[in-house]
Amino acid sequence: MQRRSFLKSAAALAAAPALSPLARAAAESLPAVASPNPHRFPQNFIWGTATAAYQVEGAVHEDGRGASVWDTFSHTAGKTFQGQTGDVADDFYHRYKEDVALMKRLGVRGFRFSIAWPRVFPEGTGAPNPKGLDFYKGLLDALHEANIEPFCTLFHWDLPQALEDKGGWTSPATSQAFADYAHYTASQLSDRIRHWMTINEFGSYIDAGYGTGEFAPGRKLSRKDWMQTRHNAVYAHGLAVQAVRAGAARPVQVGLAEDMSGVMPAIEDDAHIHAAEIGLREENAWHITAIFEGRYTDHYLQSLGADAPVFTPEEMKTISSPIDFLGINIYTTREAVPSDAAPGYQMVDRPASYPHMASDWIFFNPHAVYWTPKLASTIWGVKSIYVTENGCSSDDVLRPEAPNPAGQVLDSDRIMYLRNYLTQMQRAAGEGVPVHGYFLWSLLDNYEWASGYSKRFGITYVDFETQKRVPKLSYDFYKEVIRSNSVV
Ligand code: BG6
């Protein structure tokens, strides 16, 4: 998919200077979280599934919801696959009880979902819309009853259109509006939600939304304005971390979910691992590195020259407000090799023969879920990591005539993908990397942004004509993983 190939080139906007020695000692002193059985996941591991508001809810005109940039974008000719929109999507707004029951049968302990900002503040700021929050209160009650812990994302790309009309993320006022929305929402829902994520994937909605224009709002800014927009987004995250804590009525856990540019050593020796460490830090320089280190890397700024963002030390301090956990969306990774040229690593271009899943940006590399968390914990001493998304699309075929329900969608490629990725995640957890939970993307086939309904990522098949849900074979596979707390 273009968005992902774009992100590859976006990362190349910046590379880095030589690194100061990394905090290996921090990783060595990580608490052991593995259980004695080498094939089991840690005892309190949180198995979950993930969704996002615009991708599943539908009901875009109901109960006072305002328009989002995705409503506008998807209704603009030529922007999405066959002009498809999220107007109805999975109709989750009306069917969430059925979907919570699906999760309960699956045995998950966690559910990652997002709140639609334009349901809570239809105009982005100003008067809140109580009915919008009521929907989430109903959902949270249903989850509570099913003993499923909510993990809430405050922003999964559905910016209120009213804010976009005033400049969207190009305007620092949007960063402040996001903090206000976060504060209010936390004040209303912190009794029901302990785990909060500010933002999902800076790289996707900023770079694809304001850089290449492939995603809403479909703008193509100059590089200078685009880089400043990136800064506004990470600043919004920092403000929101503080706002959630200030608004919450009890201590909560605050983090974010980022589709980090994955980097792994091409060969598992010291030189390549070191190259991968440098690479991970530099490929994620403008968000995760800035959040953990409180500064943009020298190379990031130097490589942008006159297009580098303008910022103050206070803003960098806010951006690096401490977080309680790092959520990583992991679908794939790329290999790094050492380089004599600064900053000391080189990303390997994938040969055309590199295998991928049904979405051509999901290159099959299970080691992604081993190396990305491991390197993040090594470099920044992260103490709590959740894999907040992992999964793949598949060319699923529904066979209603199959004799048993689980035989209706035999998605063996998805099972192959999951089996391999989960095995590597177990390797990480078994070695003491603090991976505390996993959220499979996705519970349901849903609206996959610019790809519309053409890509199916669910472990539950959705017939978009009838809204019938049919668990796929991968649903049963995942159910057994959860039941046994193990892949093998
Ligand atoms: C993740 C997003 O990056 O990728 C999800 O957080 C998205 O919202 C998933 O559905 C699959 O990506 P895409 O672009 O193929 O729909």
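Cut-offs applied
- Residues numbered from 1 in each chain as written.
- Predicted model: local features only at pLDDT ≥ 70, side-chain atom pairs only at ≥ 80, totals over all residues.
- Heavy atoms only, no water.
- Helix = DSSP H or I, 4+ residues; strand = E, 2+ residues; numbered from the N terminus.
- Rg over C-alpha atoms; globule rule 2.2 N^0.38 Å.
- Contact = heavy atoms within 4.5 Å.
- Areas by Shrake-Rupley, 256 points an atom, 1.4 Å probe, with all protein chains shown as cover.
- Lys, Arg positive; Asp, Glu negative; His and termini not counted.
- Charge placed at Lys NZ, Arg CZ, Asp CG, Glu CD.
- Pairing = 2+ DSSP bridges.
- Salt bridge = Lys/Arg side-chain N within 4 Å of Asp/Glu carboxyl O.
- Buried < 20%, exposed > 50% of the residue type's maximum accessible area, 1.4 Å probe, protein only.
- Expected span 1.5 Å × (residues − 1).
- Axes fitted to C-alpha atoms, helices over the stretch in contact; angles between N-to-C directions.
- Polar contact = N/O pair within 3.5 Å; in protein donor to acceptor, adjacent residues only side chain to side chain.
- 1 Å grid on protein atoms, 1.4 Å probe; cavity = no way out; pocket = protein on both sides within 12 Å on 5 of 7 lines; lining within 4 Å.
- Points joined across faces, edges and corners; volume = space filled by probe spheres on them.
- Nonpolar A, V, L, I, M, F, W, Y, C, P; charged D, E, K, R; others polar.

Q: Explain the overall build of the protein to me, using residue names and the numbers behind them.
A: Counting secondary structure elements, the protein contains 18 helices and 13 strands. Scaling as 2.2 N^0.38, a compact globule of 488 residues should have a C-alpha radius of gyration of about 23 Å, and the protein matches this with 21 Å. In terms of its C-alpha atoms, the protein occupies a principal-axis envelope of roughly 60 × 55 × 45 Å. For the protein, contacts bridging at least 24 residues in sequence account for 78% of all contacts bridging at least 6. With an accessible surface of roughly 17,600 Å², the protein has 53% of that area assigned to carbon and sulfur atoms. Counting 44 positive and 55 negative side-chain charges, the protein places the averaged centre of each group 3 Å from the other.

Q: Describe the pairing of strand S12 (residues 460-463), and please don't skip the residues or the numbers.
A: For S12 and strand S13 (residues 468-471), the ladder comprises four bridges, and the chain directions are antiparallel. The partner of Val462 across the bridge, within S13, is Arg469. Counting the residues in the hairpin turn of S12 and S13 gives four residues, including Gln467, whose phi is positive at 65°.

Q: So what's going on with the pairing of strand S8 (residues 334-338)? Which residues, and what values?
A: Inspection of the sheet shows strand S6 (residues 263-265) paired to S8 by three bridges, in the parallel sense. Each residue of the ladder has a partner; that of Met264, found in S8, is Glu335. Where S8 and strand S9 (residues 345-347) come together, three bridges link them in antiparallel fashion. Bridge pairing in S9 places Pro338 opposite Tyr345. Counting the residues between successive antiparallel strands, the hairpin from S8 to S9 contains six residues, one of them, Gly344, with a positive phi of roughly 110°.

Q: Requested: an account of the pattern of salt bridges, with residues and values cited.
A: Taken as a whole, this structure holds 24 salt bridges when the rule is applied. Here Asp91 and Arg95 are joined by a salt bridge, their closest N and O atoms 3.0 Å apart. When its relative accessible area of 13% is taken as the criterion, Asp91 is described as buried. We classify Arg95 as partly exposed; its relative accessible area is 26%. The residue Arg281 makes a salt bridge to Glu293 at a minimum N-O spacing of 2.8 Å. Residue Arg281 is located in helix H12 (residues 270-283), and its partner Glu293 is located in helix H13 (residues 285-293); the two are separated by 12 residues in the primary sequence. For Arg281, a relative accessible area of 8% puts it in the buried group. For Glu293, a relative accessible area of 27% puts it in the partly exposed group. Beyond isolated ion pairs, a larger network of salt bridges with shared partners links Asp396, Asp411, Arg414, Asp445, Arg456 and Lys472.

Q: Give a detailed account of helix H7 (residues 130-145), specifying residues and quantitative values.
A: Taking 1.5 Å of rise per residue, 16 residues should cover 22 Å, and H7 covers 22 Å from first to last C-alpha, within 8% of that figure. By the burial criterion, the buried members of H7 are Gly132, Leu133, Phe135, Tyr136, Gly138, Leu139, Leu140, Ala142 and Leu143. The inward-facing, buried residues of H7 abut helix H3 (53-56), helix H5 (92-106), strand S2 (110-114), helix H6 (117-120), strand S3 (149-155) and helix H9 (172-189).

Q: An account of the sheet that holds S8 is needed here, citing residue identities and associated values.
A: Here three strands make up an open sheet; going across it, the order is S6-S8-S9 and the pairing mixed. Unpaired on one side and paired on the other, S6 and S9 mark the two borders of the sheet. Pairs of neighbouring strands in the sheet enclose a mean axial angle of 40°, with direction left out of account.

Q: Account for the side chain of Asn365, naming residues and giving values.
A: Tracing the chain through its elements places Asn365 in the loop between S9 and helix H16 (368-380). In terms of polar contacts, Asn365 uses its side chain to reach the side chain of Glu335, at 3.2 Å.

Q: Break down empty space enclosed by the protein for me, citing the residues and quoting the values.
A: Per the stated rule, a full pass over the model turns up two cavities of 30 Å³ or more. By volume, the largest cavity is sized at about 40 Å³. What lines the largest cavity is simply Val69, Phe155, Trp157, Leu159, Glu164, Trp169, Tyr205, Tyr210, Ala216 and Pro217. The residue makeup of the lining of the largest cavity, split by class, is nine nonpolar, no polar and one charged. Estimated volume of the second largest cavity: approximately 40 Å³. Along the walls of the second largest cavity sit Ala53, Tyr54, Glu57, Gly58, Val60, Arg65, Gly86, Ala116, Arg119 and Asp158, which together make up its complete lining. Its residues assigned to classes, the lining of the second largest cavity shows four nonpolar, two polar and four charged.

Q: Residue-level account of the side chain of His287, with values.
A: Position of His287 among the secondary structure elements: in helix H13. Taking the relative accessible area as the measure of exposure, His287 reaches 4% and is therefore buried. Setting aside residues up to four positions removed in sequence, His287 forms contacts with Phe202, Val234 and Glu258.

Q: Report on helix H11 (residues 223-247), specifying residues and quantitative values.
A: For H11, built from 25 residues, the straight-helix expectation of 36 Å at 1.5 Å per residue is met to within 8% by its first-to-last C-alpha distance of 35 Å. Most of H11 sits out of view: 18 of its 25 residues are buried.

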